[in-house]
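# Commentary on secondary and tertiary structure
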Amino acid sequence: TPTEPPAPGLGHASWHELATTDYVAAFPFYQNVFGWRVINDMDMGPNGVYRLFGPEGSSDQLGGMYTKPKEQPGPPAWLPYIKVASVASATDAAKKLGAFIMHGPADVPGGKITMGTDPQGAMFAIHQVIAAAAPKKKDAPAAKKKAAPKKKTAVSTKTKNAKRTAASKKKKK
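One structure accompanies this document, and this report is about it. (Residues numbered from 1 in each chain as written. Predicted model: local features only at pLDDT ≥ 70, side-chain atom pairs only at ≥ 80, totals over all residues. Heavy atoms only, no water.)

## Things to note about the packing of aromatic side chains
Going through the model one piece at a time under the given rule, you end up with 9 aromatic pairs. Look at Trp-36 and Phe-53: their rings are 4.2 Å apart centre to centre, the planes differ by 20°, and that puts the pair in the stacked class. Of this pair, Trp-36 sits in strand 2 (residues 36-43) while Phe-53 sits in strand 3 (residues 49-55); the two residues are 17 residues apart in sequence, bridging distant segments of the chain. With respect to class, Trp-36 is no different from Phe-53; both count as buried. By the ring-pair criterion, three or more aromatic residues cluster together here, those being Phe-29, Tyr-30, Phe-34, Trp-36, Phe-53 and Trp-78. (Phe/Tyr/Trp six-rings, centres within 6.5 Å; stacked < 30°, edge-to-face > 60°. Helix = DSSP H or I, 4+ residues; strand = E, 2+ residues; numbered from the N terminus. Buried < 20%, exposed > 50% of the residue type's maximum accessible area, 1.4 Å probe, protein only.)

Pasting the structure below:
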C-alpha cells in the first residue's frame, strides 16, 4: 500500500499554485483527476478569491488557485514554490544571478515567499516555512506546601496532672 510521502525538504516543491482564467471552472477537473477537495476559499478583496485545496480526507493544504487578473503577465500556468531555508538569502542570490523579482520577499500565512523569473523568463517561486511559535508552557502552579505538623511540646507530667486535678474539682462542684 502507498505510504504518505515525507514533508518536502529544502529544494523540493512545498506549495502548488494555479493562476487560471476561471478557478471555479478549473477546480472540478483537478478534483476528479487527483481527488482534491476544497479546504477554504479565502476572500482576497479586490484580488478575488484564493481557493486552498488538499487531498481528500485530509486537512493538509497542497496549494491554491485563483483567477488570474488580465494585467498579470503570462498565460494560465502552474507555479510550484520551492522550499528554501531563507527567502531573503535565496532572493538575494537569485537577483545576483540575473533573476527579475516580481513580488517579495513577502509574508504569507506560515511563512515568506518571493516570485520571480529566471534569466530565461521562466517563472519561479520560493517559500520559507516559518513554524508557528509553540504556545508558551504555563509555569506549573507551585505545589502547595503542606503545613508542617505542629510540634508537640513536651508538657511535663506535673502540668498534665495539675490540669486533670483542676478538671476533676470542677466536676465535683
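## Quick notes on the sheet that holds strand 1 (residues 13-20)
Spatially, 8 strands are ordered 2-3-4-1-5-8-7-6 in an open sheet, and the strand pairing comes out mixed. With one partner strand each, in any of the chains shown, strand 2 and strand 6 (100-108) form the two edges of the open sheet. Shown here is a sheet whose adjacent strand axes are inclined to one another by a mean of 25°, direction ignored. Bridging between strand 3 and strand 4 (residues 63-67) involves 3 bridges; their strand directions are antiparallel. Bridge assignment links Phe-53 to a residue of strand 4, and that residue is Gly-63. Sitting on the sheet, helix 1 (residues 23-34) is in contact with strand 1, strand 2, strand 3, strand 4 and strand 5 (77-83), with an inclination near 155° to strand 2. (Pairing = 2+ DSSP bridges. Axes fitted to C-alpha atoms, helices over the stretch in contact; angles between N-to-C directions. Contact = heavy atoms within 4.5 Å.)

## Let's talk about a nonpolar patch on the surface
Taken together, the side chains of Phe-29, Val-33 and Phe-34 define a hydrophobic patch exposed on the protein surface, amounting to about 320 Å² of accessible area. Along the chain, the position of Val-33 falls in helix 1. (Patch = residues over 30% accessible without salt bridge, like charges linked within 9 Å, V, L, I, M, F, W, Y side chains within 5 Å. Areas by Shrake-Rupley, 256 points an atom, 1.4 Å probe, with all protein chains shown as cover. Salt bridge = Lys/Arg side-chain N within 4 Å of Asp/Glu carboxyl O.)

## Considering the environment of Phe-100
Tracing the chain through its elements places Phe-100 in strand 6. Distance from Phe-100 to Gly-116, taken between C-alpha atoms, is 5.4 Å for residues 16 residues apart in sequence. The residues touching Phe-100, leaving out its near neighbours within four places in the chain, are Gly-116 and Thr-117.

## Examining the layout of surface pockets
Space inside the second largest pocket adds up to approximately 160 Å³. Lining the second largest pocket are 15 residues; nearest its centre among them are Pro-75, Ala-77, Trp-78, Leu-79 and Met-123. When contributions to the lining of the second largest pocket are tallied by element, the ones reaching two or more residues are strand 1 and strand 5. In terms of residue count, strand 5 provides more of the lining of the second largest pocket than any other element does, 4 residues in total. (1 Å grid on protein atoms, 1.4 Å probe; cavity = no way out; pocket = protein on both sides within 12 Å on 5 of 7 lines; lining within 4 Å. Points joined across faces, edges and corners; volume = space filled by probe spheres on them.)

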